[in-house]
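Observations on chain architecture
Listed below are the residues making up each chain.
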Amino acid sequence: MSRWLLACMVILVPAIGSAQQGHEVQTNANYRLAGRFAPYKVRNMVHGTAVDPQWIKEGDRFWYEWETTVGTFYNIVDPAAGTKRQLFDNDRIASELTRITRDPWDAQHLPIRNIRFIDDNTLQFEVESSQDEERDDADVEDEEEDEEEEDEEQERGRSRKEAKKKVFHFEYDVNTRVLRELEDYEAPDNHPRWASVSPDDQWVVFTKQCNLHVMSGEDYGQIVDARRGKSGDDAESAEDSIDVTETQLTTDGQTDYCYGSYGRGQHDDETKENWEKRQAAGITWSHDSRHFAMTRRDRRAVGDLWVIHHITDGRPKLETYKYEMAGEDSVSQTEMLVYDMQDRNM
């Protein structure tokens, strides 16, 4: 029984008991009090329940975040030496960030995000400022050209896009604890989730319409370059603008018997939209890049189950998926496969 349901029962039982004593049925439950114990609210009150280690490349150390009621702390761990220490002195780093960004940060509310180690002792991160990003003349001209379109969107009930906030980029030396702003920062590669890159960077495998496909490392490099510095829809649009050569590796993939993902969405309409998009293949490469292994699930004989998404804009939407019910004979069958990139056979 979930904690939320238990809390609701504890809250509602007294109300029911009072009704029985007065021989009158009362239906006024204390939903507001029960809502205080909803899972999404409890998560904001409970901290430090799990560690998500981020391993540092070219070494055997890792770092992790640990959130408490007094703030977030960043620790670096050396398992071999059995040591743990903080990456930052929170008070000192907050003071430095305040001096550079001109925003009043404190040790309890550090704005640090997107930490990444570039070597064993040097990391980079970013901080979003309260200041608006400076725009060049081209950006201003584009905004003027789009003004009519934005006004039309406002008439349809959509708000005008908010100005982007300035993002500061920093580099930090873990040993010396020296922080410096990166004026000439270059955004790191933004790899799409569908890409499985071979260890020698020669091949990138993915699935599309339930079949495996591959592209060369050179073509994939063009996609990564186009996505650099972008995210979300902007990254996808930049990716779609690049013309690459894709080679289909399998031909017998089908719905519910896919190689990799079939692009399932939140509902059937979204699943249909994702059908022709590149999806993750879920493969594991051999060290020499000649082979990769994967599992393939046959769910064709499994019955359907449905969810109706009715809390949404417009009409309710249907989500259909395969699900084994208790006692049924037809269940998913999984097979393990190995593909030879040199001979091009499974």
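Residues numbered from 1 in each chain as written. Predicted model: local features only at pLDDT ≥ 70, side-chain atom pairs only at ≥ 80, totals over all residues. Heavy atoms only, no water.

**Some details on the packing of aromatic side chains**
Test applied: The aromatic pairing rule takes the rings of Phe, Tyr and Trp, using the six-membered ring of Trp, and pairs them if the centres are within 6.5 Å, calling planes under 30 degrees apart stacked, those over 60 edge-to-face and the rest tilted. The helix and strand labels rest on DSSP assignments: H or I over at least four residues marks a helix, E over at least two residues marks a strand, and numbering proceeds from the N terminus. Relative accessible area decides the class of each residue, using a 1.4 Å probe on protein chains only: under 20% of the type maximum gives buried, over 50% gives exposed, and in between gives partly exposed. Consider the ring centre and the ring normal. A charge sits over the ring if Lys NZ or Arg CZ is within 6 Å of that centre and within 35 degrees of that normal.
The tally for this structure, following the rule as stated, stands at 12 aromatic pairs. Consider the rings of phenylalanine 88 and phenylalanine 125, whose centres lie 5.9 Å apart with planes at 75°: the pair is edge-to-face. Of the two residues, phenylalanine 88 sits in the loop between strand E4 (83-86) and helix H4 (90-101) while phenylalanine 125 sits in strand E6 (residues 122-132), which places them 37 residues apart along the sequence. Classification of phenylalanine 88 as buried rests on a relative accessible area of 1%. Accessibility expressed as a relative area gives 2% for phenylalanine 125, which makes it buried. Taking 5.2 Å as the distance between ring centres and 70° as the angle between the ring planes, the aromatic pair formed by tryptophan 194 and phenylalanine 206 counts as edge-to-face. Of this pair, tryptophan 194 sits in the loop between strand E8 (179-181) and strand E9 (196-197) while phenylalanine 206 sits in strand E10 (residues 203-208); the two residues are 12 residues apart in sequence, bridging distant segments of the chain. On the accessibility criterion, tryptophan 194 (7% relative accessible area) is buried. We note arginine 278 situated over the ring of tryptophan 194; from NZ or CZ to the ring centre the distance is 5.0 Å.

**With respect to the pairing of strand E14 (residues 291-298)**
Let me state the cut-off plainly: Strands were regarded as paired on the criterion that DSSP finds at least two bridges between them.
Of the two faces of E14, only the one carrying Phe292, Met294, Arg296 and Asp298 is buried; His291, Ala293, Thr295 and Arg297 on the other face are not. Bridging between strand E13 (residues 284-285) and E14 involves 2 bridges; their strand directions are antiparallel. The residue bridging threonine 284 from the neighbouring strand is alanine 293, located in E14. The antiparallel pairing of E13 with E14 creates a hairpin that spans 5 residues between the two strands, and serine 289 there sits at a positive phi of about 70°.

**Concerning the sheet that holds E14**
Spatial ordering of the open sheet is given by E13-E14-E17, a layout of 3 strands whose pairing is antiparallel. Looking along the sheet, the strands with just one partner apiece sit at the ends: E13 and strand E17 (333-340).

**Notes on the confidence of the model for the protein**
The following threshold applies: Known as pLDDT, the predictor's per-residue confidence is scaled from 0 to 100. What makes two residues a contact is simply this: any of their non-hydrogen atoms within 4.5 Å.
Here the protein shows a mean pLDDT of 86. Residues at 70 or above account for 84%. For the stretch residues 9-13, pLDDT sits under 50, and the model shows 7 contacts to residues farther than four places along the chain or on other chains. Across residues 15-20, confidence stays below pLDDT 50; counting only partners more than four residues off in sequence or on other chains, it has 3 contacts.

**Re the side chain of serine 332**
Rule in force here: Contacts described as polar in this section are N or O atom pairs within 3.5 Å, which, within protein, must combine one atom able to donate a hydrogen with one able to accept it, while residues neighboring in sequence count only if both atoms come from side chains.
You can see serine 332 is positioned in the loop between strand E16 (317-322) and E17. Judged by relative accessible area, which is 16%, serine 332 ranks as buried. One polar contact links serine 332 to arginine 297, side chain to side chain, over a distance of 3.4 Å. Within polar-contact distance, the side chain of serine 332 engages the side chain of glutamate 324 at 2.5 Å. Leave out the neighbours within four places in its chain, and serine 332 touches Arg297, Asp298, Arg299, Val302 and Glu324.

**Considerations on the environment of aspartate 219**
Structurally, the position occupied by aspartate 219 is in helix H7 (residues 217-227). Beyond its immediate sequence surroundings of up to four residues, aspartate 219 is in contact with Val244 and Thr245. A polar side-chain atom of aspartate 219 sits 3.1 Å from the main-chain amide nitrogen of threonine 245.

**Quick look at H4**
An α-helical segment advances 3.6 residues per turn. Residues three or four places apart therefore align on the same side. As a reminder of what qualifies: Multiplying one less than the number of residues by 1.5 Å gives the expected span of a helix. The arc in question is the one spanned by the directions pointing from the helix axis to the C-beta atoms.
Taking 1.5 Å per residue as the helical rise, H4 with its 12 residues ought to reach 16 Å, and the 16 Å between its terminal C-alpha atoms agrees with that figure. Turning to H4, its buried residues are Asn90, Ile93, Ala94, Leu97, Ile100 and Thr101. All buried residues of H4 fall inside an arc of 135° around its axis, so they share one side. As for H4, its buried residues are in contact with strand E3 (71-78), E4, E6, strand E7 (165-173) and E8. The backbone nitrogen of aspartate 91 lies 3.1 Å from a side-chain oxygen of the residue at the head of H4, namely aspartate 89. In the stretch just after H4, arginine 102 is the one whose phi turns positive, near 65°.

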